[in-house]
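# Understanding the architecture of this molecule
Here's the letter readout for the chains.
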Amino acid sequence: MRLTQYFLPTMKETPSEAQIVSHRYMLRAGMIRQASAGIYSWLPLGHRVLKKIEQIVREEQDATGAQEILMPTIQSADLWRQSGRYEDYGKEMLRITDRHERDMLYGPTNEEQVTEIAAAYIKSYRQLPKNLYHIQWKFRDEVRPRFGIMRGREFLMKDAYSFDIDAESGRRAYNKMFVAYLRTFARMELKAIPMRADTGPIGGDMSHEFIILADTGESAVFCHRDFLERDVLALDVDYESDLQPIVDEWTGLYAATDEMHDPAQFEREVPAESRVSDRGIEVGHIFFFGEKYSKPFGAIVPTPEGGETTMQMGSYGIGVSRLVGAIIEASHDDKGIIWPEAVAPFKVGLINLRSGDDDCDAACDDIYDKLNAAGVEVLYDDRPERAGSKFADMDLIGLPWQLVVGPRGLKNGVVELKSRRTGETEELPVAVALERLGG
């Protein structure tokens with residue numbers, strides 16, 4: 001994409017309402033624009049990142065055998081009355097009435113909706129296990145929305161729901177999601193630490209939050225330093241095998257949010273040199289809650305022995321839109337964002353230092369065409385701006401690589417390749433630079 005044609009409304013100054021790094025950089029980089037309190041429009045650059053994250057989440061869910069569906073944003077209040085949560089959920093639920101005076105709501109989560117679907121169609125134990133997920137917008141009417149998309153009212157979420165014949169099978173489903181979550185966040189270059197968590201209004205008796213460390217995190221966290229050294233993607237994962245040993249390994253070390261923290265246990269189990277006390281951002285939460293929803297909805301199947309049993313359920317959420325902010329909080333410097341390559345809106349920022357110069361234009365056009373032909377996503381800054389402004393914008397939006405073409409380098413047959421993460425630069429022949437970038 002040529003920057004002269006791209007909609008990228010960057011800002012030099014930091015908006016006064018932006019209190020944390022991700023909010024400041026997302027506004028300045030032209031990724032989002034506030035529509036109202038806690039509600040944002042996603043502009044082209046931000047939307048590209050959002051879709052990259054969504055696709056990683058989808059691929060890892062599919063790998064476990066989970067199946068994607070799409071449930072509505074607007075739900076019937078009757079479903080929530082059936083589960084007993086309509087009055088209990090509180091003012092965060094946006095309640096509305098349609099033209100026929102029927103009580104409706106903008107869904108903050110989907111346990112009721114998906115359980116009604118399962119109860120209607122799963123009629124035999126032979127149809128189990130099942131795991132259904134969707135990626136959908138949610139709404140929770142936060143009393144004080146803040147920190148941009150990190151604590152907004154409208155947000156994009158992946159929520160999955162498992163259905164099993166018994167608690168043992170339910171635990172296997174839980175373990176699949178546990179491992180899938182480790183892999184999902186690792187693919188985004190995030191060190192996500194699973195921490196035993198309170199189940200809250202969702203209910204149930206087994207739950208883990210997945211937390212990344214960041215100074216601007218909403219809660220204090222305490223864990224063993226070994227979590228930060230583990231390579232999740234090196235794990236040999238077979239979702240048809242017993243994953244309990246992996247789960248045990250990841251839950252065997254101390255890790256707790258402030259609400260679950262036991263200082264005495266922390267000091268007893270973790271050597272002083274291995275103790276980490278920091279702030280954390282929740283990016284995922286998984287629950288196993290048994291019959292909490294299946295029982296009131298009559299989600300019952302016959303057993304192989306001829307009896308009947310209520311399906312056992314779990315719920316598994318990932319904050320897809322929140323992850324955009326979380327990644328920025330974990331990966332930035334004083335110049336701007338530093339995107340991990342897997343979620344970057346573009347892989348390469350191509351900078352023409354002298355737009356209008358015949359040689360520079362011709363070289364950049366050739367590089368741009370070759371990168372596109374090779375399937376490399378490239379943002380070409382062909383604007384007639386000063387070099388300093390171009391460098392500042394590229395650093396701000398944080399693309400992994402910058403390829404700089406100028407008249408002096410071309411005379412020597414080289415271009416400059418810069419890594420945004422390390423800041424290291426190399427002068428290379430064009431062909432070598434293209435090969436390095438996959439073009």
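Please refer to the structure higher up on the page.
Attention here is on the structure that accompanies the text. (Residues numbered from 1 in each chain as written. Predicted model: local features only at pLDDT ≥ 70, side-chain atom pairs only at ≥ 80, totals over all residues. Heavy atoms only, no water.)

### Some points on the overall build of the protein
- A tally of helices and strands in the protein yields 12 helices and 23 strands.
- In terms of overall size, the protein behaves like a compact globule, its C-alpha atoms giving a radius of gyration of 24 Å where 439 residues would be expected to give roughly 22 Å.
- For the C-alpha atoms alone, the extent of the protein along its principal axes is close to 80 × 60 × 40 Å.
- Restricting the contact set of the protein to residue pairs at least 6 apart, pairs at least 24 apart contribute 72%.
- Put simply, the protein shows about 19,700 Å² of open surface, and 46% of that area lies on carbon and sulfur atoms.
- In the protein, 53 side chains carry a positive charge and 72 a negative one; their mean positions are 3 Å apart. (Helix = DSSP H or I, 4+ residues; strand = E, 2+ residues; numbered from the N terminus. Rg over C-alpha atoms; globule rule 2.2 N^0.38 Å. Contact = heavy atoms within 4.5 Å. Areas by Shrake-Rupley, 256 points an atom, 1.4 Å probe, with all protein chains shown as cover. Lys, Arg positive; Asp, Glu negative; His and termini not counted. Charge placed at Lys NZ, Arg CZ, Asp CG, Glu CD.)

### Overview of the packing of helix α1 (residues 21-28) against helix α8 (residues 320-330)
- Viewed as axis vectors pointing N to C, α1 and α8 meet at an angle of 105°, and their least axial separation amounts to 8 Å. Here α1 is positioned roughly perpendicular relative to α8, judged by the angle of their axes. On α8, the residues touching Val 21, Ser 22, Tyr 25 and Met 26 of α1 are Val 324, Gly 325, Ile 328 and Glu 329.
- A class-by-class count of the residues in the contact of α1 with α8 yields five nonpolar, two polar and one charged. (Axes fitted to C-alpha atoms, helices over the stretch in contact; angles between N-to-C directions. Parallel < 35°, antiparallel > 145°, perpendicular 65-115°, else oblique. Nonpolar A, V, L, I, M, F, W, Y, C, P; charged D, E, K, R; others polar.)

### Regarding the pattern of salt bridges
- Scanning the model with the defined rule gives 29 salt bridges in all.
- Note that Arg 187 and Glu 60 form a salt bridge whose closest N and O atoms lie 2.9 Å from each other. Within this pair, whereas Arg 187 is found in helix α5 (residues 167-187), its partner Glu 60 is found in helix α2 (residues 44-63), the two being separated by 127 residues in sequence.
- The exposure class assigned to Glu 60 is buried, which follows from its relative accessible area of 4%.
- Glu 142 is the salt-bridge partner of Arg 151, the closest N and O atoms lying 3.5 Å from each other. (Salt bridge = Lys/Arg side-chain N within 4 Å of Asp/Glu carboxyl O. Buried < 20%, exposed > 50% of the residue type's maximum accessible area, 1.4 Å probe, protein only.)

### A short note on the sheet that holds strand β22 (residues 415-419)
- Reading across the sheet, the five strands line up as β20-β19-β21-β22-β23 and stay open at both edges, with mixed pairing between neighbours. Two strands close off the open sheet at either side, each with one partner strand: β20 (378-381) and β23 (425-428). Averaged over all pairs of adjacent strands, the angle between strand axes in this sheet comes to 20°, irrespective of strand direction.
- Summarising the sheet, strand β21 (residues 401-405) and β22 pair through four bridges and their orientation is antiparallel. Of the residues in β22, the one forming a bridge with Gln 402 is Lys 418.
- Here helix α10 (residues 387-397) sits on the sheet and contacts β19 (348-352), β20, β21 and β22; the angle it forms with β19, its principal contact strand, is near 175°. (Pairing = 2+ DSSP bridges.)

### Remarks on the packing of α2 against α8
- α8 packs onto α2 with a crossing angle of 110° between their chain directions and a minimal axis gap of 9 Å. Classified by the angle between their axes, α2 and α8 sit roughly perpendicular to one another. The interaxial crossing formed by α2 with α8 has right-handed handedness. Residue-level inspection shows Val 49, Leu 50, Ile 53 and Glu 54 of α2 in contact with α8, the latter providing Val 320, Ser 321, Leu 323, Val 324 and Ile 327.
- Partitioning the contact of α2 with α8 into residue classes produces seven nonpolar, one polar and one charged. (Left-handed = near helix turned anticlockwise from the far one by under 90°.)

### Let's talk about the packing of aromatic side chains
- In the structure shown here, the tally under the stated rule is 13 aromatic pairs.
- Ring geometry for Tyr 181 against Phe 210: centres 5.3 Å apart, planes inclined by 55°, an arrangement best described as tilted. One end of the pair, Tyr 181, is in helix α5; the other, Phe 210, is in strand β10 (residues 206-213), and 29 residues separate them in sequence. We note that Tyr 181, like Phe 210, is buried.
- The aromatic ring of Tyr 86 is capped on one face by Arg 95, whose charged end is 4.8 Å from the ring centroid.
- Stacked on the ring of Phe 227, the Lys or Arg Arg 230 has its end atom at 5.4 Å from the ring centre. (Phe/Tyr/Trp six-rings, centres within 6.5 Å; stacked < 30°, edge-to-face > 60°. Lys NZ or Arg CZ within 6 Å of the ring centre and 35° of its normal.)

### Some points on helix α6 (residues 244-251)
- Listed as buried for α6 are Gln 244, Ile 246, Val 247 and Trp 250. Seen along its axis, α6 keeps its buried residues to an arc of 160°; they face one direction. (Arc of directions from axis to C-beta.)

### Some words on the environment of Ala 160
- In this structure, Ala 160 sits in strand β8 (residues 154-164).
- Each C-alpha atom, one on Ala 160 and one on Ile 69, is 9.6 Å from the other, the two residues being 91 residues apart in sequence.
- In this structure Ala 160 touches Gln 61, Asn 131, Leu 132, Tyr 133, Met 177, Gly 314, Ser 315 and Tyr 316, once residues within four positions along its chain are discounted.

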